[in-house]
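Single-letter residue listing:
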Amino acid sequence: MQICKSPKETEEIAMEVAENVIDGGVVYLYGDLGSGKTVFAKGMAKKFGIDDFSVKSPTFNYIRRYGNFYHIDLYRLEEVDELLEHEIRELMSEEKNTIVIEWADKLGGSKFPDGIKVRMEYMGENERGVEVT
Ligand SMILES: Nc1ncnc2c1ncn2[C@@H]1O[C@H](COP(=O)(O)OP(=O)(O)OP(=O)(O)O)[C@@H](O)[C@H]1O
Ligand SMILES: [Mg+2]
């Protein structure tokens, strides 16, 4: 587990992780409200040269696309319905796609493709624990 002492440090770790999925792959993000998942996704987006990354949680459309980079935020969802699950699986089946998912635990128990798992933890006002596996 690494300790990030500022949002910038979290973004930097995210940029390193992004290098591993630059040609495609899935990053599953776990952690409570305010633990820094969106900051992490934003850091990844930077590595992809995306500067119009939206930090707002989507209200009805859970998937945001930036070229081959997809940001999915399952916040607010009780659980993922069949249609959304199908849509997510379709995106994951395209090898060139890079997908980062906030609240990945809401994907439920069924098997999803292997990916990088990032667990985030609130530790103090400007401190977050980040564990990458
Ligand atoms: N070391 C840090 N790493 C990341 N964010 C930090 C850090 N220190 C302070 N913050 C602040 O904590 C907040 C993290 O919010 P963020 O939206 O990324 O969390 P989240 O996990 O996506 O929450 P939600 O579940 O609501 O989507 C931001 O306001 C950010 O500026
Ligand atoms: Mg968020």
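Residues numbered from 1 in each chain as written. Chains lettered and ligands numbered in written order. Predicted model: local features only at pLDDT ≥ 70, side-chain atom pairs only at ≥ 80, totals over all residues. Heavy atoms only, no water.

Draft legend 1. Structural context of the nonpolar core. Val 27, Phe 40, Met 44, Phe 69 and Val 118 are the most contacted members of the largest nonpolar core, which totals 21 residues. Of all hydrophobic cores here, the second largest spans 20 residues; its members include Val 26, Tyr 28, Ile 101 and Phe 112. (Core = buried A, V, L, I, M, F, W, Y, C linked by side-chain atoms within 4.5 Å. Buried < 20%, exposed > 50% of the residue type's maximum accessible area, 1.4 Å probe, protein only.)

Draft legend 2. Up close: the coordination of the magnesium ion (ligand 2). Protein-derived coordination of the magnesium ion (ligand 2) comes from Thr 38 (OG1) and Glu 102 (OE), at a distance range of 2.0 to 2.1 Å. Pair noted here: Thr 38 is in helix α2 (residues 37-47) and Glu 102 is in strand β5 (residues 98-102), with a separation of 64 residues, a long-range link. (Donors = N, O, S within 2.8 Å, 3.2 Å for Na, K, Ca; no water. Helix = DSSP H or I, 4+ residues; strand = E, 2+ residues; numbered from the N terminus.)

Draft legend 3. Spatial organisation of the site of ligand 1. With respect to spatial proximity, 18 residues lie near ligand 1, and among them Thr 10, Gly 34, Lys 37, Thr 38 and Arg 128 are the closest. Contact distances for ligand 1 include 2.9 Å between an oxygen atom and a side-chain N or O atom of Arg 128. Relative to its unbound accessible area of 640 Å², ligand 1 is 77% covered by the protein chains. Taken together, the elements giving at least two residues each to the shell around ligand 1 come down to α1 (7-19) and α2. Taken together, the residues of the shell around ligand 1 sort by class into five nonpolar, seven polar and six charged. (Near = heavy atom within 4 Å. Polar contact = N/O pair within 3.5 Å; in protein donor to acceptor, adjacent residues only side chain to side chain. Areas by Shrake-Rupley, 256 points an atom, 1.4 Å probe, with all protein chains shown as cover. Nonpolar A, V, L, I, M, F, W, Y, C, P; charged D, E, K, R; others polar.)

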